[in-house]
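Next come the chains, spelled out residue by residue.
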Amino acid sequence: MKNDSEKNWKINPLSKAVALALAVTSVNVQAQDDSDDGDDVVDSGKIVVTGSRIRRDELNDTVPIEVIIADDAIDRGLTTVGQLLRESTLASGSAQITSAISTAFVTNGGQGAETLSLRGLGANRTLVLLNGRRAGPAGTRGGVSSFDFNTIPLSGVERVEILKDGASSLYGSDAVAGVVNIITKEGDGAGIEFFTSQPAESGGERSRFSATWGKTFSKGNIRITADYDKQSELAQGDRDYFACGERYYFDASSNARADIIDPRTGNPHCTDLLWGHVWLYDYGGANVTGNLAQFDYDGDLGQYIDPVAPAVNPEDITMPPGFFLVTGTSPVVNADHPFQDLQSLIPESSRATVLATGSFQFSDRVEGYAEVLLNRRKTTSNSYRQFWGYIYNENFFAGNPLSAGWTGAQWLSPTPITDHSGQVTEVDYTRFVAGLSGEMGDNGWYWDVSLQHSESDGDYTNKIIFNDAITDQNWLSGSCVGSVTSVNGVPCIDIPWLDPQFLAGNISPEVRAFLFGIDKGNTEYEQTTIEASMTGDLFEMPGGYAATAFGIQYQHDGIKDTPGPQTLAGNLWGSTSAGITKGATETYAVFGELQLPLLADLPAVEELNLTLSARYTDVPDAGQDTTYKAGLAWHIGGGVTVRGSFGTSFRAPALYELFLADQTSFVGSRTIDPCVNYGTNYVPGDNIYDNCAADGFAPDYAGGAISATVQTGGGFGILESETSESQTWGVVWRPENIDLSVSLDYFDFLIEDEVTQLGAANIVGQCYNSNNFGTDPLCDQFDRDPLDNRITLVRDSFINIAEQSNKGYDFRIDYATEIPWGELAISTQHTYQKESRRGLFEDTVEEFNGTVGEPKHTANLNVRFNRNDWYVNWFTNYIGDSDNSEFNAEFTTFLGQDIRRVVRTPSVAYHSLSYGYKHTESGWSTTVGVRNLMDKEPPRLSRGGGTRVGNSAFYSQYDWLGRSYFVNLKYDF
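These lines cover the structure that appears in this document, whether it is placed above or below. (Residues numbered from 1 in each chain as written. Predicted model: local features only at pLDDT ≥ 70, side-chain atom pairs only at ≥ 80, totals over all residues. Heavy atoms only, no water.)

**Quick word on the overall build of the protein**
To keep it simple, the criterion reads: The way it works is that DSSP assigns letters per residue, a run of H or I at least four long becomes a helix, a run of E at least two long becomes a strand, and they are numbered from the N terminus. Here the radius of gyration uses the C-alpha set of atoms, whereas the globule reference equals 2.2 Å times the residue count to the power 0.38. Using a 1.4 Å probe on the protein chains alone, a residue whose accessible area is under 20% of its type maximum counts as buried, one over 50% counts as exposed, and one in between counts as partly exposed. When checking whether two residues touch, look at their non-hydrogen atoms; a contact exists if any pair is within 4.5 Å. Per-residue accessibility takes into account occlusion by the displayed protein chains alone, with areas from the Shrake-Rupley method and a 1.4 Å probe. Think of it this way: Lys and Arg go in the positive column, Asp and Glu in the negative one, and His and the chain ends go nowhere. Just so you know, the charge point we use is NZ for Lys, CZ for Arg, CG for Asp and CD for Glu.
Secondary structure assignment for the protein yields 17 helices and 56 strands. For the protein, the C-alpha radius of gyration of 31 Å lies close to 30 Å, the compact-globule estimate for 973 residues. Dimensions of the protein, computed from the C-alpha atoms along their principal axes, are close to 105 × 60 × 60 Å. Here the protein, with 973 residues, has 59% of them falling under the buried criterion. Once local pairs closer than 6 in sequence are excluded, the contacts in the protein between residues at least 24 apart make up 72%. Accessible surface computed for the protein: about 37900 Å², of which carbon and sulfur atoms make up 54%. Of the side chains in the protein, 68 bear a positive and 127 a negative charge, and the two mean positions are spaced by 5 Å.

Following this line, the structure appears as structure tokens:
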């Protein structure tokens, strides 16, 4: 049995890429020879190309498609499809959700999820297909909405085709920024493969083992792939550039380092999480010189700071021996605990996958096909955290005898640290496809009917602190022994808040059992898609036969996220919480496409083709719309093609955007409060200066030290569907007598009524920047604490905002040639981002193009030399420079000194070099190589210069492991 995927393409990488870019088949309908002796099936000669549903007789450059060969990942030291796609310039120009990012932050899909956002327009606006059919999402928590690339094994993938323009009229909702079509391997044969990657420094090791088997029978074929992938943890302390978070400030005039020097080390002070302090809320003590009481664990604080002055008045503070008063900017304040080094940056994860595909010829006109994908992922992360309570000192207000040795007119907030923090996530993902396709009549009409069903079942187990264990003891005037906690109902144990060892995280087993526990939640997501389509020729035109495709689609999505019992009881202290998220939507659609060959075989017009498509979509809970697309391809001659398209898209809100039940997360109160030090950052006459002053804040207001809670909810009944427009225009040159391809495409995307969250900083910032301060509705969306005026709660539910836009150019050159020593192939790809704007409000549009995480220019360069059975491959991934000065002030003051912060990153080029050899007779092949050859560290940013860990920019484009060595062994039989 033969099909297009079994043809022997030239091994030359450029030829392979060009051929596959043209022959991108997602469905092959074949006819069997009339003989019964098992002869080969005759191919119909027509293919379905990603970006169109019409079966074509020939290959062309009508739509902009990028083809990525899965085997190229091995030459770069990669093991997953997600890693491979993130190095495409269509993705590297924007921040992506990786397992590390989804562990460090609350992101859609939960811990360990890996999604893809084309053009930075959002993963839920990038449609992922598997062999031309939808693939349902996977993950945990209420924000599941996008395909998780953890579910598909690299070893089972032949190539990935990326349609680079909007295609909602062809494929439906979510195809706003483009379509990613993953094509799995076919053909006969079997093999086993082992890959391992070892960084030069310990931490972040990775290994993968896979086996595959394929067989063609007289009436069908089958292929089964089994894959196991293991990612070892990279802890924060495994790399020096993550371990110590210096402020990294410079004098504005001399450019000398302006950091605070820690006299205990002689180096810049490491400022991560303040730990082990007793925060003082002072009500009149004249001898209070700092707001933090810190214990002298090493017995040397007296060498650097003076002890607290003796009490003279009753309001003055007294503390037990060994405690000193410091401030948050003291050079000896404790802010770098050993627990920090144990935090997971890249979590430990394992993935086991089985992928099976097959087809069967029921007759010479009808073929059945099926796919099964089974995946199990486990992700484990470790972390640390601060927690606190409130306690009277020994003689203030009602007093508390448990605060022996603490006197004066203060109340206390001890902030111990603990390593009881982290999560284990386990996700089972199943996907089944069954379908029939065939030929109808003798006029070349083809039909296809398919059913796709996917289920994601995920458990997430969190290490938690019981809220009632802490809050029940706030403001007590004595022991709680003899009572029970208000939610769990367990016997109360006095928390030794002021014990120096407790503050340092050395907590007794008895107290740990009282304070700490685990909470396990579950997320189920199901998606069912039924689709039927027909395609065929209509009538003859000057350029050939007009063709059409049309069909119907039904889709059902359902989610049920049930947080753990402690979360539902509201008994989590300082952790993300949520209610039960439950809901379902149905989508009905009809679609059609028409290809009109207007002209052909004329001077300067080898072909002129017009393609039109339209879709009507009805989502009863979120609206309805008709989308369309028009594309024109003009083959001028001499290998030159000019192409362009304009289309509209429609995206109904995702289930979590509609039904998410009050989920909470946390953000630093100071980081979102524009009134902090507003006298330094703004001048009278600025809205923020005037409005903060009108709200009663002093110009040097320091803000609150404790995190603010951010509450998020769905917008069912309020949200409208998004609409968007996209256009792409380009030129392709493929000369006939040389193995060369050059393409240049312009892209322009505009999304209106985008569903998103404003973000806590935007809500508070826009309130104080408003011309209508006091009556602006945003000012009602956050609360302040009446005691210290810190921001305590921000309500940030999903809404429709004004717009988001992205514009730029894609440029690519592929060249291959025979040289005396072998074959040389060179390929380079560039994306120049011209605009990346987001308008949260009609009169507020922000430009993110060129900021850290959104570089204007990203590029790849691949050079490959083949000779006989061996090759050498050199790959370069280029990330352009970036500048955060628009949003993070470069020049400011620190402790009265004019300083410069590093808010810009230089361009970075990561090089991978590999050598491969295949022993044809035995079937063995090997690849050895080095990734990040020059051992480039992530760029450094100052504190306040952008998102960072330690001293390093914490964005998905940068390599966190350093130089890594890898080996891949493969045996085909």
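**Quick look at the sheet that holds strand β24 (residues 391-392)**
Going by this rule: In this analysis, strands are considered paired if DSSP registers two or more bridges between them.
Taking strand neighbours across the sheet as the criterion, the five strands line up as β19-β18-β17-β25-β24 in an open arrangement whose pairing is antiparallel. Of all strands in the sheet, those bounded by a partner on one side alone are β19 (323-326) and β24. Bridging between β24 and strand β25 (residues 410-415) involves two bridges; their strand directions are antiparallel. Within β25, the residue paired with Tyr392 across the bridge is Trp411.

**Describing the state of the cysteines**
Short version of the rule: In this description, a disulfide is simply a cysteine sulfur pair whose atoms lie within 2.5 Å.
Enumeration according to the criterion identifies four disulfides in this entry. In this model Cys480 forms its disulfide with Cys492; the gap between the sulfur atoms is 2.1 Å. Every disulfide takes its handedness from the sign of the S-S torsion; for Cys480 and Cys492 that torsion is -90°, giving left-handed. Taken together, the positions of Cys480 in the loop between α9 (467-471) and α10 (500-503) and Cys492 in the loop between α9 and α10 put the pair twelve residues apart, joining distant regions of the chain. In this structure Cys480 comes out as buried when scored by relative accessible area, which is 5%. For Cys492, a relative accessible area of 9% puts it in the buried group. Note that Cys675 is cross-linked by a disulfide to Cys692, the S-S spacing being 2.0 Å.

**Comments concerning the side chain of Gln829**
Stated formally: Pairs of N or O atoms are called polar contacts if they sit within 3.5 Å, as long as, within protein, a hydrogen donor faces a hydrogen acceptor (for residues adjacent in sequence, only side-chain-to-side-chain pairs).
In this fold, Gln829 is placed in strand β44 (residues 822-841). Residue class for Gln829 comes out buried when judged on its relative accessible area of 9%. Among the polar contacts made by the side chain of Gln829, one reaches the side chain of Glu66 at a distance of 2.7 Å. Setting aside chain neighbours within four positions, we find Gln829 in contact with Glu66, Ser88, Thr89, Phe811, Arg812, Thr858, Ala859 and Asn860.

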